[in-house]
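Listed below are the residues making up each chain.
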Amino acid sequence: MSSETTSGITKDERHNGVAVSTKEVDTAAQLAAGLSGTLDPEEALRIRKKIDKHILPLMCMLYWVQFMDKTTLGNSAVLGIETATNLTVNQYNWLGTIFYLSYLLFEYPQNLALQRLPVGKWMSANIFVWAIALSCTAACKNFTGLFIVRFILGMCEGSITAGFLIVSAMFYTRKEQTLRVGYWFLMNGTAQIISGLLAFGSLHIQTSGFEPWQWFMIITGIITLILAVSYWFLFPDSPTTAWFLTPDERVKAVQRIKENQTGVENKHFKKEQFMEAIRDPKTWLFAAFAAFDNVPNSLTNQQSLLVASLGFTFFQTTLLTMIPGVVEILTIYSGVRLAARLKNGRAYVGAIYFVPALVGIALVNLLPWSDTAGLLVGQFMTGICTTGFVLALSWLGNVTAGHTKRVVTNAIILSAYCIGNAVGPIMWKAQYKPRNHVPWAVIAVCYCVCPMILLVIRALLNRENRRRDSEPSDEVEDYFIEKVSEDGKRIEVKVDKVKRALPTLFFASYHGC
């Protein structure tokens, strides 16, 4: 018998295959090693419904809370925070920028932590810290204090979207991911509605020495704290350890996502996958899309101020700012459903949804200032294009294989997301008020570039599909790991190639673009 060893991979003549180290193998592969055959469709559906029941409500609740928390600044603008803390226009804008600069600074460390630590527990710890920071906002008396708490909020939020992308890829098939990412992302709209109601209620609280904006921070902080505790006990770290699945169901949950060919989880950082993510052109195209698409996201903190500038009272403004939330829910839901029905339609659907937003920008800039209703409609139409970013996030997870590569790619894309969000608030200067033609022009340019990037990504992946389809299929070797049986004997078990954590063995099918 002879063997040849390279980088932890051993060629073994006994099997005419390859023996691999368990640290090189995805956790799901170790769990399902030795299994063969396909999962019964009805059983697969039952497992998916059970997963939906236990994790989808928690994901939706957290995305609602995180968006509500990071946009508390926008609602507080009409609740009196600017006057109480003596903020200038530039200082107010910097509070929006510092959140995303902190997010950017900690994005890669957060992604590394998500790979090395239990995902659910790590997110729970971050939620707890940001709940405390948000509550402490009520005690801030000046720009410095607000700057510090906003920095902490940005640091903690870096774990959420990245963590959700990882969890979605762990538990759901490619087709399911498109809908699930849409479901938890449309909670941003729900957050705007609930925030508007909370702000409206806070305006009615009259207490000596404690202003409405401070009550608003305390209320949202308490909600976040309750969710942090819930996540610690209820949110799973992986399908291989999910508390609500039986041992047999865990194996079936892994089998169910076999078609993804992207692996589930591996705590071992792989340099080769890191380099593969850096060299992949689609990584940087998705990053460019994320950056351009999120420059206009500064509207979240400007929305209340823009509505109030049209002559509405603070009470009216808090209620009117709920409308963009309704628009976002309807457009994201319709967009992800449409993309799921159209084969390879993500890019086309995402691009089309930018058209109404451009029409809205034209209305805001061309209608007379006296046409309040028209200006409001135009402003609210700009939120329709959020669908494009949602589809891009789900698309990214579908075309990225390997746990380390997925973590690195997520970090790059979300870093670009932060850059766009950090730049956006700077353009809302006092000299551009009340029409703000310059910021709106910048937003229009971004919304012209974004659909073009989506179509370029689609063309790139389509070309890669044709190239791969034209190549002859390579002979695939078998892979084995050593396990200890119940009677104490060491046995070698075949590992499914799909769940190996080596990049050269992953084939991330690009169909679905």
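Keep in mind that what you see is a predicted model, and the values were worked out from it rather than measured. (Residues numbered from 1 in each chain as written. Predicted model: local features only at pLDDT ≥ 70, side-chain atom pairs only at ≥ 80, totals over all residues. Heavy atoms only, no water.)

A look at the packing of helix α15 (residues 299–308) against helix α20 (residues 372–381)
Then comes step 1: Running from N to C, α15 and α20 cross one another at 170°; their axes reach a closest spacing of 11 Å. Relative to α20, the element α15 is oriented roughly antiparallel. Across the interface between the two elements, Q303, L306 and V307 from α15 touch L376, Q379 and F380 from α20.
Then comes step 2: When grouped by side-chain class, the residues that make up the contact of α15 with α20 number four nonpolar, two polar and no charged. (Axes fitted to C-alpha atoms, helices over the stretch in contact; angles between N-to-C directions. Helix = DSSP H or I, 4+ residues; strand = E, 2+ residues; numbered from the N terminus. Parallel < 35°, antiparallel > 145°, perpendicular 65-115°, else oblique. Contact = heavy atoms within 4.5 Å. Nonpolar A, V, L, I, M, F, W, Y, C, P; charged D, E, K, R; others polar.)

Some thoughts on unusual backbone geometry
Then comes step 1: In this model, K433 is joined to P434 through a cis peptide bond whose omega is 5°.
Then comes step 2: Within the fold, P434 resides in the loop between α22 (403–423) and α23 (437–470).
Then comes step 3: A positive phi is found at N86, a non-glycine position, where the angle reads about 55°.
Then comes step 4: Within the secondary structure, N86 sits in the loop between α4 (81–84) and α5 (89–116).

Examining helix α12 (residues 247–256)
Then comes step 1: Among the 10 residues that make up α12, seven are buried, leaving the element largely enclosed by the rest of the structure.
Then comes step 2: Buried within α12 we find E249, V251, K252, A253, V254, Q255 and R256. (Buried < 20%, exposed > 50% of the residue type's maximum accessible area, 1.4 Å probe, protein only.)

As for the confidence of the model for the chain
Then comes step 1: Model confidence for the chain is summarised by a mean pLDDT of 81, while 82% of its residues fall at 70 or above.
Then comes step 2: Per-residue pLDDT stays below 50 along residues 1–26; that stretch engages in 64 contacts with residues further than four places along the chain or on separate chains.
Then comes step 3: In the model, residues 262–266 has pLDDT below 50 throughout and makes 34 contacts with residues more than four positions away in sequence or in other chains. (pLDDT = per-residue confidence, 0-100.)

With respect to the side chain of Q192
Then comes step 1: Mapping Q192 onto the fold places it in helix α10 (residues 187–203).
Then comes step 2: In contact with Q192, other than residues within four places in its own chain, are F67, T321, M322, P324, G325 and E328.

Looking at the packing of helix α17 (residues 323–341) against helix α21 (residues 386–398)
When two helices pack together, you describe them by how their axes are tilted relative to each other and by the distance separating the axes.
Then comes step 1: Relative orientation of the contacting elements α17 and α21 amounts to 45°, with a least axis distance of 9 Å. Judged by the angle between their axes, α17 and α21 are oblique. Of the two possible hands of crossing, α17 and α21 adopt the one that is right-handed. Contact with α17, carried on its side by E328, T331, I332, G335, V336 and A339, involves T386, T387, V390 and L391 of α21 and no other residues of that element.
Then comes step 2: Its residues placed into classes, the contact of α17 with α21 shows five nonpolar, four polar and one charged. (Left-handed = near helix turned anticlockwise from the far one by under 90°.)

Some points on empty space enclosed by the protein
Then comes step 1: Under the counting rule described, the total for this entry stands at eight cavities of 30 Å³ or more.
Then comes step 2: Here the largest cavity defines a volume of roughly 540 Å³.
Then comes step 3: Along the walls of the largest cavity sit 35 residues, with F67, Q192, N297, T300 and E328 positioned nearest its centre.
Then comes step 4: With five residues, α10 is the largest single contributor of residues to the lining of the largest cavity.
Then comes step 5: A per-class count over the lining of the largest cavity returns 13 nonpolar, 19 polar and three charged.
Then comes step 6: The calculated volume of the second largest cavity comes to roughly 110 Å³.
Then comes step 7: As for the second largest cavity, its lining consists of L306, S309, L310, V364, W369, L375, Q379, P434, R435, N436 and W440.
Then comes step 8: When the residues that make up the lining of the second largest cavity are grouped by side-chain class, the tally is seven nonpolar, three polar and one charged. (1 Å grid on protein atoms, 1.4 Å probe; cavity = no way out; pocket = protein on both sides within 12 Å on 5 of 7 lines; lining within 4 Å. Points joined across faces, edges and corners; volume = space filled by probe spheres on them.)

Some thoughts on the side chain of Q302
Then comes step 1: Note on placement: Q302 falls in helix α15.
Then comes step 2: Accessibility expressed as a relative area gives 6% for Q302, which makes it buried.
Then comes step 3: A distance of 3.0 Å separates a polar atom in the side chain of Q302 from a polar atom in the side chain of N93.
Then comes step 4: Setting aside residues no more than four positions away along its own chain, Q302 makes contact with Y92, N93 and W428. (Polar contact = N/O pair within 3.5 Å; in protein donor to acceptor, adjacent residues only side chain to side chain.)

Quick word on a nonpolar patch on the surface
Then comes step 1: Taken together, the side chains of V229, W232, F233, L234 and W243 make up a nonpolar region of the molecular surface, amounting to roughly 540 Å² of accessible area.
Then comes step 2: Along the chain, the position of V229 falls in helix α11 (residues 212–234).
Then comes step 3: Of the residues examined, V229 reaches a relative accessible area of 44% and is grouped as partly exposed. (Patch = residues over 30% accessible without salt bridge, like charges linked within 9 Å, V, L, I, M, F, W, Y side chains within 5 Å. Areas by Shrake-Rupley, 256 points an atom, 1.4 Å probe, with all protein chains shown as cover. Salt bridge = Lys/Arg side-chain N within 4 Å of Asp/Glu carboxyl O.)

Details of the nonpolar core
Then comes step 1: Counting residues in hydrophobic clusters, the biggest one holds 117 residues, and the most contacted among them are I55, F164, F171, W184, Y231 and F235.
Then comes step 2: Ranked by residue count, the leading element in this core is helix α2 (residues 41–70), at 13 residues.
Then comes step 3: Apart from residues lying up to four places away in sequence, F171 is in contact with I51, I55, P236, S238, P239, A242, F244, R256 and I257.
Then comes step 4: In this structure, V307, L320, L375 and L376 belong to the second largest nonpolar core, which totals six residues. (Core = buried A, V, L, I, M, F, W, Y, C linked by side-chain atoms within 4.5 Å.)

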